[in-house]
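Descriptive structure summary
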Amino acid sequence: MLVHFFSAEGWQSWGLDGEPLIPERMPVLLDDDFLFEDESGPRATRAVNAWLRTLPSSGAPSPNSWRAYALAARDWLMHLRRHRVAVFGTRQELVAALGTYADRRLSGPLDERLEFSSWELQVTVLSRFYDWAESEGLAAAVPFTVATGKRMVQGRLVETRHNRARLRRPKPHVKVQYLESDFAGLFRYGLAGLGPDGLEDASFRGRFPGRNAAVGALVLGTGMRSREFTHLLVHEVPPLPSEPTEVPIPWMVPELAAKGRKFRTTWIDYSSLAAVHSYIALDREMSQGSWRPRRPLVVEEEDFYGGRVRNEDRNGRKATASGVVAAPGGRPPRRPRIATSASISVTRTGRFCRSPSEATGNHSGEGPSSAADTRTSGGRPPSLHRSKT
């Protein structure tokens, strides 16, 4: 069976009274003998082509959708022809044909199997085709079994229909692809510049292997999203227990970094947390540059909830002698949230997170880093104000 895409170019020479009422690029199904009817009457391709021409006015205006619908209908017609079943046959024949079709497309030869989404498209196409054929009086039966029910929608009881041929949609957590422990170890070795045996790889040419290994362990241990660990600050890292423990350690993810700005708690194992603390205490301090701004914005008394600043930022708010920011207009002093894109971005600075000493040196209205944002985020702890990178 062939699929031809219609073009009206040169229709004046076809001997027609007017331009054909067929949309440009509309698929047309053809049998190998190029006939639409024989001694038995009109063939099934004629009905399918008539239905395809209704798609632009039936919620499928895209030529790409027409093509997908035509190919799905072609596969169904070829399956019916293989089993010598009429397109508008009896219900028993159509249901049996649909069963063999589903078996072939879902668990048959590898070159004919369909993914979940592709099978859903097949069911949608055939369902719409047979609904149209019923309304036109062409089909007396359909191959699908439809379950009906009722449910509440905005306080009203409405009737629902469910096609039994559709597959159950997997829950989001089912589609998570987990990393096996041996591959996770190999992944961490690679980030640290080590070979598969855990020894130093002489051919490694990457930068900051300590940071990479620490962040890799952090992600594998907590399951944090990229936005969450990219905007992580030093003071949001939980303290390391005094002794190694097998009990998971809680890790609070601030709301302004979490998905949907919803505060949540995750967990991390001791060894992964120890790697993060080791990086913060040693490698990160050694990687700091010597540049300092001329008028630094000094951060003092830093903790999980924020800090105190002094000096003047570019928003015009000046700090008092005690270091508390006093906003213009005489409003009561507030404890600000301190974070900037320069202090929290891995991709722009090449660093995992910044320490108080870095905040003292780099939070300024001059030079490569911008001034710290001293606005509060609504007062709900735990959260820090963050600038988007």
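Here is a short report on the structure shown in this document. (Residues numbered from 1 in each chain as written. Predicted model: local features only at pLDDT ≥ 70, side-chain atom pairs only at ≥ 80, totals over all residues. Heavy atoms only, no water.)

Concerning the overall build of the chain
Within the chain, the regular secondary structure consists of 11 helices and 12 strands. Taken across its 389 residues, the chain has 38% of its residues classed as buried. Of the contacts formed within the chain by residues at least 6 apart in sequence, a portion of 59% connects residues at least 24 apart. Accessible area for the chain stands at about 23,000 Å²; split by element, carbon and sulfur atoms hold 52% of it. (Helix = DSSP H or I, 4+ residues; strand = E, 2+ residues; numbered from the N terminus. Buried < 20%, exposed > 50% of the residue type's maximum accessible area, 1.4 Å probe, protein only. Contact = heavy atoms within 4.5 Å. Areas by Shrake-Rupley, 256 points an atom, 1.4 Å probe, with all protein chains shown as cover.)

Re the side chain of Asn49
By the secondary structure assignment, Asn49 is in helix α1 (residues 44-52). Non-local contacts of Asn49, meaning those with residues more than four positions away in its chain, are made with Pro27, Val28, Leu29 and Phe36.

Observations regarding the environment of Gly206
Among the secondary structure elements, Gly206 is positioned in the loop between α5 (181-191) and α6 (209-222). For the pair Gly206 and Gly193, spaced 13 residues apart in the sequence, the C-alpha separation amounts to 7.1 Å.

A short note on the packing of aromatic side chains
All told, the structure shown has nine aromatic pairs when counted by the stated rule. For the pair Tyr101 and Trp119, a centre-to-centre distance of 6.0 Å together with 45° between the ring planes defines the contact as tilted. With Tyr101 in helix α3 (residues 91-107) and Trp119 in helix α4 (residues 116-135), this residue pair connects regions lying 18 residues apart in the sequence. Of the two residues, Tyr101 and Trp119, neither departs from the other in class, the shared state being buried. (Phe/Tyr/Trp six-rings, centres within 6.5 Å; stacked < 30°, edge-to-face > 60°.)

Regarding the packing of α5 against α6
α6 packs onto α5 with a crossing angle of 155° between their chain directions and a minimal axis gap of 8 Å. On the basis of their axis angle, the class for α5 and α6 is roughly antiparallel. In this structure, α5 uses Ala184, Phe187, Arg188 and Leu191 to contact α6, whose residues at the interface are Pro209, Asn212, Ala213, Gly216, Ala217 and Leu220. Taken together, the residues that form the contact of α5 with α6 break down as seven nonpolar, two polar and one charged. (Axes fitted to C-alpha atoms, helices over the stretch in contact; angles between N-to-C directions. Parallel < 35°, antiparallel > 145°, perpendicular 65-115°, else oblique. Nonpolar A, V, L, I, M, F, W, Y, C, P; charged D, E, K, R; others polar.)

Side note on the nonpolar core
Val48, Trp51, Leu52, Trp76 and Tyr130 are the most contacted members of the largest nonpolar core, which totals 35 residues. When residues of this core are traced back to their parent elements, those giving at least two are α1, α2 (63-82), α3 and α4. Discounting residues that sit within four places of it in the chain, Val48 has contacts with Leu29, Ala73, Leu77 and Phe129. If you look at the next biggest cluster of nonpolar residues, it comprises 18 residues, including Leu218, Ile249, Val253 and Tyr279. (Core = buried A, V, L, I, M, F, W, Y, C linked by side-chain atoms within 4.5 Å.)

Description of α6
Relative to the 20 Å expected for 14 residues at 1.5 Å per residue, α6 spans 20 Å between its end C-alpha atoms, a close match to the ideal helical length. The complete set of buried residues in α6 reads Arg211, Asn212, Ala213, Ala214, Val215, Gly216, Ala217, Leu218 and Thr222. Directly after α6, the chain includes Gly223, whose backbone phi takes a positive value near 75°. (Expected span 1.5 Å × (residues − 1).)

Structural notes on the pattern of salt bridges
Close approach of charged atoms allows side chains of opposite charge to pair. In this structure the tally under the stated criterion is 11 salt bridges. Of the charged contacts, one joins Arg46 and Glu37 as a salt bridge, the two residues approaching to 2.8 Å between their closest N and O atoms. The partner of Arg74 in a salt bridge is Asp75, with the nearest N and O atoms 3.2 Å apart. The network of salt bridges with common partners includes Asp31, Asp33, Asp38, Arg43 and Arg81. (Salt bridge = Lys/Arg side-chain N within 4 Å of Asp/Glu carboxyl O.)

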